[in-house]
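Secondary and tertiary structure notes
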Amino acid sequence: MDGIITHDLVVEPQSVNDFKGKVDPDWCPGCGDFGVLNSLRRACVDLGLKPHEILTISGIGCSSNFPGFFNSFGMHTLHGRALAVATGTKMANHELTVIVTGGDGDGFGIGGNHFTHTARRNVDLTYIVMDNQIYGLTTGQLSPTSNKDMKTKSTPFGSVESPYNPVTAAIMNGATFVARGFSSDIKQLSMLMQKAIKHNGFSLVTIFSPCPTFNRDNDFNFFKSRVKKLEDDDHDTSDWKAACEKAMEWDDTIYTGVFFQDKESESLGDLEPILGKGGPLCNRPLGLSGEQADRIIAQMM
Ligand code: SF4
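Everything numeric in this text was worked out from a predicted model, so none of it was measured.

1. Observations regarding the packing of helix α6 (residues 166-173) against helix α9 (residues 240-247)
Across the interface, α6 lies against α9 with an axial gap of 8 Å and an inter-helix angle of 160 degrees. Accordingly, the angle class assigned to the pair α6 and α9 is roughly antiparallel. The hand of the α6/α9 crossing is left-handed. The residues of α9 that touch α6, namely those facing V167, T168, I171 and M172, are W240, A243, C244 and A247. By residue class, the composition of the contact of α6 with α9 is 7 nonpolar, 1 polar and no charged.

2. Quick word on the side chain of T206
Here T206 is to be found in strand β6 (residues 203-208). Ignoring any residue separated from it by four or fewer positions in sequence, one finds T206 in contact with F108, V129, D131, P166, V167, A179, R180 and G181.

3. Points about the sheet that holds strand β8 (residues 254-261)
The 8 strands lie next to each other as β2-β1-β3-β4-β6-β5-β8-β7, forming an open sheet whose pairing is mixed. Sheet topology places β2 (73-76) and β7 (227-229) at the edges, where each strand pairs with a single neighbour. Neighbour-to-neighbour, the strand axes of this sheet turn through a mean angle of 20 degrees, independent of strand direction.

4. Observations regarding a negative patch on the surface
A cluster of acidic side chains, namely D234, D236, D239, E245, E249, D251 and D252, defines a negative patch on the protein surface. Inspection of the secondary structure assignment puts D234 in the loop between β7 and α9.

5. Some thoughts on the pattern of salt bridges
Side-chain pairs of opposite charge can arise whenever the charged atoms involved come near each other. Within this structure, the stated rule accounts for 7 salt bridges. In this structure, E12 and K50 form a salt bridge, with 3.9 Å as the shortest nitrogen-oxygen distance. Here the residue E12 occupies a position in the segment before α1 (33-47), and K50 occupies one in the loop between α1 and β1 (54-58), the gap between them amounting to 38 residues. The partner of D185 in a salt bridge is K229, with the nearest N and O atoms 3.0 Å apart. Of this pair, D185 sits in the loop between β5 (177-182) and α7 (186-198) while K229 sits in strand β7, and the two are 44 residues apart along the sequence. On the basis of relative accessibility, which here comes to 22%, the residue D185 falls in the partly exposed class. Since its relative accessible area comes to 29%, K229 is described here as partly exposed.

6. Overview of the site of the ligand
All residues in the neighbourhood of the ligand are listed as W27, C28, C31, C62, N132, G136, C211, P212, T213 and F214. Across the shell around the ligand, the residue classes tally to 7 nonpolar, 3 polar and no charged.

7. Looking at the packing of aromatic side chains
Aromatic ring pairs: the centre-centre distance and the angle between the two ring planes describe each pair. Taken as a whole, this structure holds 16 aromatic pairs when the rule is applied. Measuring from centroid to centroid gives 5.3 Å for W27 and F34, while their planes differ by 90 degrees, and the two rings are edge-to-face. What makes W27 buried here is its relative accessible area of 8%. On the basis of relative accessible area, F34 is assigned to the partly exposed category, the value being 29%. The rings of F182, F208, F220, F222, F223 and W250 are connected pair by pair, giving a single aromatic cluster.

8. A word on the environment of I99
Relative to the elements of secondary structure, I99 occurs in strand β3 (residues 97-103). Dropping the residues within four chain positions of it, I99 is found in contact with L40, I54, L55, T56, I57, T126, I128 and I197.

9. Comments concerning a nonpolar patch on the surface
A cluster of nonpolar side chains, L286, L288, I296 and M300, forms an exposed patch at the surface whose accessible area comes to about 440 Å². By secondary structure assignment, the location of I296 is in helix α11 (residues 290-300). We classify I296 as partly exposed; its relative accessible area is 37%.

10. So, unusual backbone geometry
In this model, N122 sits at a positive phi of 60 degrees, which is unusual for a non-glycine residue. For Q133, which is not glycine, the phi torsion reads 60 degrees and is therefore positive. Its relative accessible area of 2% is what places Q133 among the buried residues.

11. Some points on the side chain of H235
Within the secondary structure, H235 sits in the loop between β7 and α9. Looking at H235, its side chain comes within polar contact range of the main-chain oxygen of F259, at 2.7 Å. Setting aside residues no more than four positions away along its own chain, H235 makes contact with L230, A242, A243, K246, V258 and F259.

12. Focus on the environment of G287
Mapped onto the elements of the fold, G287 is located in the loop between α10 (268-271) and α11. As for G287 and H7, which are separated by 280 residues in sequence, their C-alpha atoms are 33 Å apart.

13. What to know about the nonpolar core
Within the largest apolar cluster, 33 residues are counted, with the highest numbers of intra-cluster contacts made by F115, Y127, V178, F202 and L204. Taken together, the elements giving at least two residues each to this core come down to β1, α3 (82-92), β3, α5 (112-121), β4 (126-131), α6, α9 and β8. With residues up to four places along the chain from it excluded, the contact list for L204 reads F115, Y127, V129, P166, A170, F177, V178 and A179. F19, C31, L37 and L189 belong to the second-largest nonpolar core, a separate cluster that totals 27 residues.

Reading guide: rules and limits
Residues numbered from 1 in each chain as written. Predicted model: local features only at pLDDT ≥ 70, side-chain atom pairs only at ≥ 80, totals over all residues. Heavy atoms only, no water. Axes fitted to C-alpha atoms, helices over the stretch in contact; angles between N-to-C directions. Helix = DSSP H or I, 4+ residues; strand = E, 2+ residues; numbered from the N terminus. Parallel < 35°, antiparallel > 145°, perpendicular 65-115°, else oblique. Left-handed = near helix turned anticlockwise from the far one by under 90°. Contact = heavy atoms within 4.5 Å. Nonpolar A, V, L, I, M, F, W, Y, C, P; charged D, E, K, R; others polar. Pairing = 2+ DSSP bridges. Patch = residues over 30% accessible without salt bridge, like charges linked within 9 Å, V, L, I, M, F, W, Y side chains within 5 Å. Areas by Shrake-Rupley, 256 points an atom, 1.4 Å probe, with all protein chains shown as cover. Salt bridge = Lys/Arg side-chain N within 4 Å of Asp/Glu carboxyl O. Lys, Arg positive; Asp, Glu negative; His and termini not counted. Charge placed at Lys NZ, Arg CZ, Asp CG, Glu CD. Buried < 20%, exposed > 50% of the residue type's maximum accessible area, 1.4 Å probe, protein only. Near = heavy atom within 4 Å. Phe/Tyr/Trp six-rings, centres within 6.5 Å; stacked < 30°, edge-to-face > 60°. Polar contact = N/O pair within 3.5 Å; in protein donor to acceptor, adjacent residues only side chain to side chain. Core = buried A, V, L, I, M, F, W, Y, C linked by side-chain atoms within 4.5 Å.

Here is the structure:
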């Protein structure tokens, strides 16, 4: 069928190449998303994960084409709805490693409601956001994380809006792992992704992933000259107030690293008693006769 990409999932990954999808990325030369893709491939190799154990889910946007470029199960869903679909799949099969990928417009604008409540529910997902501070796929409109005064196609005289801060928002919404990376620092980013995937609960890794085509303000050099690692600053990741203070710095220093982690976190799956016995729901018998199942399906069609 058109639109379905079948990856080779039955491999014992030895290198990042084993996590290459059947489709090559169609991103512009210099797009930060290449570094994010390479970092996730590296993280999965280092964690010893296998493609058939992973599900990548995305919404819509340049970065949301990700599942086609990554060797795992994958779903390319609706604009802003990736976290809702991911919550359902994680509840249906809580043994899968579910990784959600997308951009700032998709995740913090169109899907802002889902971002709030997936964090609050502490669903055991890893959410990787490639934040380029612009809508790239639609050729350069203001996004929730665009800077104030920024001139874009939709704000030709400069934006009057204040940017959204995904790190402080995630912490306030109840996320139990919150980190920020930079797409050109693959070593640090891969380490952050590994910690996020291992964390039990909702994990956000938001990433400065410059769009050289439509965002000339916040380019590679802007971040390269400012990013500073939290681990070099002796930051206490259990201190959410310190995490928020560090996350709000946006001047000559912009921090990357793990801002906050609740190491005692209990995920939604831990708290749902039905998931604690009998394995994933998707493998259990429905408990319905064929006739009952047909009737329910007919009612829903
Ligand atoms: Fe990347 Fe921007 Fe090109 Fe989209 S438009 S692929 S975000 S560089």
